[in-house]
Amino acid sequence: MKRTLLTLLAALVLLPALADEGMWLPSLISERIDDMRAKGFRLTAEDIYSINKASMKDAVVLFNGGCTGELISPEGLLLTNHHCGYDAIQKHSTVEHDYLTNGFWAMSRAEELPNEKLWVRFLVRMEEVTDRIAAGETAAQIVEKAKAEGTGYKASVEQMYYGNQQFLFVYEQFDDVRLVAAPPSSIGKFGGDTDNWIWPRHTGDFSMFRVYASKDNRPAAYSPQNVPYRPKKHFSISTKGVKEGDFTMIYGFPGNTQEYILSDAVAYIAERSDPAKIAVRTGRLDIITKAQESDPALRIHYAAKHASIANAWKKWQGEVLGINRLGTVASKRAYEEEFAAWAQDKPEYRSVVADLKAEYDRIMDAYFAYEITRETLSTLPAAYTPEERAEECFARRKFAEQALWRHAFREYGRCPKVYRTPSYAEGMARYKSPEAYADALFEAVWEGSDSVAMQPAVRLREETKRMLDHISWMLGTKSLRNLNSKILNELYTTYIKGLREWDRERAFYPDANLTLRVAYGSVAGYEYADGEYHKPQTTLDGIIAKDNPEIYDYDIPQSLRDLYASKNYGRWGTVIDGRRTVPVCFLATNHTTGGNSGSPVLNAGGELIGINFDRTWRSTMSDIAYDPAICRNIAVDIRYVLFVVDRVGGAGYLLKEMTLK
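Conventions and cut-offs
- Residues numbered from 1 in each chain as written.
- Predicted model: local features only at pLDDT ≥ 70, side-chain atom pairs only at ≥ 80, totals over all residues.
- Heavy atoms only, no water.
- Helix = DSSP H or I, 4+ residues; strand = E, 2+ residues; numbered from the N terminus.
- Rg over C-alpha atoms; globule rule 2.2 N^0.38 Å.
- Buried < 20%, exposed > 50% of the residue type's maximum accessible area, 1.4 Å probe, protein only.
- Contact = heavy atoms within 4.5 Å.
- Areas by Shrake-Rupley, 256 points an atom, 1.4 Å probe, with all protein chains shown as cover.
- Lys, Arg positive; Asp, Glu negative; His and termini not counted.
- Charge placed at Lys NZ, Arg CZ, Asp CG, Glu CD.
- Axes fitted to C-alpha atoms, helices over the stretch in contact; angles between N-to-C directions.
- Parallel < 35°, antiparallel > 145°, perpendicular 65-115°, else oblique.
- Left-handed = near helix turned anticlockwise from the far one by under 90°.
- Nonpolar A, V, L, I, M, F, W, Y, C, P; charged D, E, K, R; others polar.
- Disulfide = S-S within 2.5 Å.
- Core = buried A, V, L, I, M, F, W, Y, C linked by side-chain atoms within 4.5 Å.
- 1 Å grid on protein atoms, 1.4 Å probe; cavity = no way out; pocket = protein on both sides within 12 Å on 5 of 7 lines; lining within 4 Å.
- Points joined across faces, edges and corners; volume = space filled by probe spheres on them.
- Salt bridge = Lys/Arg side-chain N within 4 Å of Asp/Glu carboxyl O.

Novice: Sorry, what's going on with the overall build of the protein chain here?
Specialist: Along the backbone of the protein chain there are 23 helices and 22 strands. Taken over the C-alpha trace, the protein chain has a radius of gyration of 25 Å; the compact-globule value for 661 residues is 26 Å, and the two agree within 12%. The principal-axis extent of the C-alpha atoms belonging to the protein chain is close to 65 × 65 × 60 Å. The buried share among the 661 residues of the protein chain stands at 59%. The long-range fraction of contacts in the protein chain, counting pairs at least 24 apart against all pairs at least 6 apart in sequence, stands at 77%. Counting only carbon and sulfur atoms, one obtains 51% of the accessible surface of the protein chain, whose full area is about 26,700 Å². Side-chain charges in the protein chain split into 82 positive and 88 negative, and the spacing between the mean points of these groups amounts to 1 Å.

This is how it looks when you write it as C-alpha cells:
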C-alpha cells in the first residue's frame, strides 16, 4: 500500500525490522536465518535452537527471574552481570567481610557460597499451543501436563501479539546456585549511578556462579553432596576481540517492550508518568545517598535499594529524551491515522483505534494513581522486623527512614483526589501537613508500639492495598506493569491482527515478555551529537582517567593501578588505537531491554565475546520504538572479564575449565 505524505514521518520511524531491530522467538529463528547469514552469521538455525540435539539454548539460563546467564564450562560455571548477582553478594557481605567493596573470589569449590532462594532455569522447549487452546484445552491443563514431564520442571503459557498466538515454555529449574566470584564494586559497578546508561562506559559488570545438581545431574535442593551440573552445552570463549562491523548476537530473556502501543500511551509515558516517577525517585535517592555517605554500615545496608531505585530512575530520563528526539508520538499518530483510513470498509477493524483511544481516556487517571501509590506509600515498611532491629546500624537508620516517610507522604499528594485513601485525607486534615502526618505514623512503626498506637498506620496500609485492588478491579487485570486494562488487551488483539494484515512490509516480532529471544546486529559506534562520534570500544586507559580515590564508585583497586603502571597485562593486553591496553566494553546494535542483563553476546561463530549489561541513555526508548541510528546495547568485553579474574582476582584457575579460543 502506498504511503501518503501524511505518513512520511511514520514511515521513517516504523521501518520494517531489518538487521538490528527485533527480538525473535528461537523456535522460529529459521524465518530470520537467511538475514542473519547475510549479515555474517556462520551457523544454522538448529545450532541456535533444537530439541533434538544440544544447541545454544541449552547454555542460556533465566537467572532468578529477572536476568540472563550463560554456562561457560562443562562443570556448571555460569556468568551473569555483577548487578544481577548484587543481592546475593550483598547478603554475604558484612563490615568485616565486605565483598561489595573488596570482591569475592572462591579459590576452591569448598569456598563457593550457597544462596538461599537463588535459582536458574534452562529452556527445555517451546511450542505454539494456539490451536490446542482454541480446541478447548486450557492453559492450566497444558502447563500441568508439561510440568509432569520431568524433575524440577516449570512451565507457562505466554501470549504473543496480544493473544493472537500462544506458546508453551517448559523449563528445568535448578535451586542450588553458588557464588564463585565477584569483582570489587569499583570494577563491577564502576561509575555507579553516574555512569549508568552512559557511554563511554568502563564497567566490569560481571559475576560468576556455579550450578549444582544431584549426582545423577538432576535438579536438587542445596546439599553438600551435590556436584557441579554438567550442561548439555556451554559456550566457547573467543579471545580474539571485536572490531566495528562484526556480527553480534544476543541470546537472552528480555523482560518487557511495548512496540505496538498507541500514541496515546506513548504520550502518557513521556509527558505524565515518567516525569512524575523521576521526581519521586529523585527525592528518595537524595535521602538514601546522604545516609550512605554518613556511615559505612548504612552504605552497605542501602546499597541494593539505592541501585534498584536508581536504575529505573535514570532509564526513564533517557526514555523521555529518546521519545521526544525521535518524535515518536507524532509518528505513531500518523501511522494510526493511515491504518484507520484503510480499516474504514472493514467491520472487524473499523472502530478499533477509536475504541483504544476511548479506553485510554477512561483509565489514565486510575493508572496514574496506581503508579504514584506504588512509588510512595507502597514503598514504606509495615513494620521493622526483629532481624532489622538487631542490626548494629538500626538506630542510625532512623533519620533516613523518617525522611523517606515524609517524602512519600508529600509526594503521594500527586495522586488524583478521587483515588486517595480516606485515611490520608483525614490525616492531612488533622495534622495540617504531610510531614507532620508522616511523623505521627512513623514513630509508632519505628518504635514497634502496641496495637492501639499502630492502628492508624495499619489502617492506612490496608486502605492503600484496597485502593490498589480497586484500581486493578476497575482495569479488569492484575497485569499492571504497563498502562493496561482487560479491555485494552482485547482491543489490541484485534488491532495487532489488523496491523499484520495491513502492513505486510513490516517484519513483526512479539513484544518481550521474559521469554527466550534472539537479537542480532553488529558492533557499532554512533553519532551522539552533531559532529561527535562515539567509538564502540573502551579500554583500561579510560578507567585510569576516571580513577578517583575520593569517590567510592571511582576508587579502583590498587592492584588495577599497579597493573596499568607496569603494563603487565599478560595475554589480555592488546593494541588499540596504537596503545597497548586492555579492552573493557563495547557497543553493538542488538535490540535489548531489561532481562537481557547478563545475556551472552556471541560472534558469527557462536562464541562468547561479551556480556550484555546496559543500553545507552537514549536507547531506553527502544522499549517503545527502535531507532537504528542511536539505539545501542553495551557489553563488557569478555577479555576484560578474564583479565580481572586472572590478574586482579588471582583466580586464574577458573580459566582452566573454560574453552578459550
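Novice: Explanation requested: the packing of helix α10 (residues 263-294) against helix α12 (residues 303-326) in the structure shown.
Specialist: When two helices pack together, their arrangement is captured by the angle between the axes and the distance separating the axes. Put simply, α10 and α12 touch, their axes get as near as 8 Å, and they point 150° apart. Taken together, the axes of α10 and α12 are roughly antiparallel relative to one another. Like other packed secondary-structure pairs, α10 and α12 cross with a definite hand, here left-handed. Residue composition of the contact of α10 with α12, by class: 14 nonpolar, seven polar and six charged.

Novice: It is not clear to me how the state of the cysteines should be interpreted in this structure. Could you clarify?
Specialist: Two cysteines, two sulfur atoms, one covalent bond between them: this is a disulfide. Inspection of the entire model under this criterion finds one disulfide. Residue cysteine 67 pairs covalently with cysteine 84 via a disulfide, S to S 2.1 Å. Because the sign of the S-S torsion sets the handedness, a value of about -85° for the bond joining cysteine 67 and cysteine 84 places this disulfide among the left-handed ones. Placement of cysteine 67 in strand β2 (residues 67-71) and of cysteine 84 in the loop between β3 (77-80) and α4 (86-91) is noted, with a sequence separation of 17 residues between them. Side by side, cysteine 67 and cysteine 84 carry an identical accessibility label, which is buried. Sulfur of cysteine 585: no disulfide; nearest cysteine sulfur belongs to cysteine 84 and is 15 Å away. Look at cysteine 585 and you get buried, because its relative accessible area is 0%. Here cysteine 631 is not disulfide-linked; the sulfur of cysteine 585 is the nearest cysteine sulfur, at 19 Å.

Novice: Teacher, can you tell me more about the nonpolar core here?
Specialist: Across soluble globular proteins, nonpolar side chains show a tendency to be buried alongside one another. One finds Ile48, Met208, Met249 and Tyr495 to be the most contacted residues of the largest nonpolar core, which totals 147 residues. When residues in this core are grouped by element, the largest group, 12 residues, is from helix α14 (residues 352-375). Apart from the residues within four sequence positions on either side, tyrosine 495 is in contact with Tyr260, Leu262, Tyr335, Glu336, Phe339, Val352, Val353 and Leu356.

Novice: Just checking my understanding: could you explain empty space enclosed by the protein for this structure?
Specialist: With a probe scaled to a water molecule rolled over the atoms, the places where space remains empty come into view. Counted under the stated rule, the structure contains three cavities of 30 Å³ or more. Roughly 50 Å³ of volume is contained in the second largest cavity. Glu259, Tyr260, Ile261, Lys332, Tyr335, Glu336, Tyr495, Leu499 and Arg506 together form the lining of the second largest cavity. Residue assignment for the lining of the second largest cavity shows that the elements contributing at least two residues are α13 (328-343) and α20 (486-502). When residues in the lining of the second largest cavity are grouped by element, the largest group, three residues, is from α13. Per-class residue counts for the lining of the second largest cavity are five nonpolar, no polar and four charged.

Novice: Can you help me understand the pattern of salt bridges in this one?
Specialist: Side chains carrying opposite charge are able to pair once their charged atoms draw close together. Scanning the entire structure with this criterion turns up 51 salt bridges. Among the ionic pairs, lysine 357 bridges to glutamate 336, the shortest N-O distance being 3.3 Å. Placement of lysine 357 in helix α14 and of glutamate 336 in helix α13 is noted, with a sequence separation of 21 residues between them. Looking at lysine 357, the relative accessible area reads 25%, which means it is partly exposed. The partner of aspartate 541 in a salt bridge is arginine 579, and the shortest N-O contact between them spans 3.4 Å.

Novice: Is there a simple way to think about the packing of α14 against α20 in this case?
Specialist: Contact pair α14 / α20: the axes reach a minimum separation of 10 Å and the direction vectors enclose 160°. Of the possible angle classes, the one that applies to α14 and α20 is roughly antiparallel. Considering only the axes of α14 and α20, their crossing is left-handed. Residues Val352, Val353, Asp355, Leu356, Glu359, Tyr360, Arg362 and Ile363 of α14 form the contact with α20, whose participating residues are Ile487, Leu488, Leu491, Tyr492, Thr494 and Tyr495. Tallied by class, residues from the contact of α14 with α20 come to 10 nonpolar, one polar and three charged.

Novice: Just to check I follow, could you spell out the environment of glutamate 259 for this structure?
Specialist: Examined against the element boundaries, glutamate 259 turns out to sit in the loop between β12 (247-252) and α10. Along the sequence, glutamate 259 and isoleucine 624 sit 365 residues apart, while their C-alpha atoms lie 4.5 Å from each other. The residues touching glutamate 259, leaving out its near neighbours within four places in the chain, are Glu21, Lys332, Arg506, Tyr509, Asp511, His591, Ser622, Asp623, Ile624, Ala625 and Tyr626.

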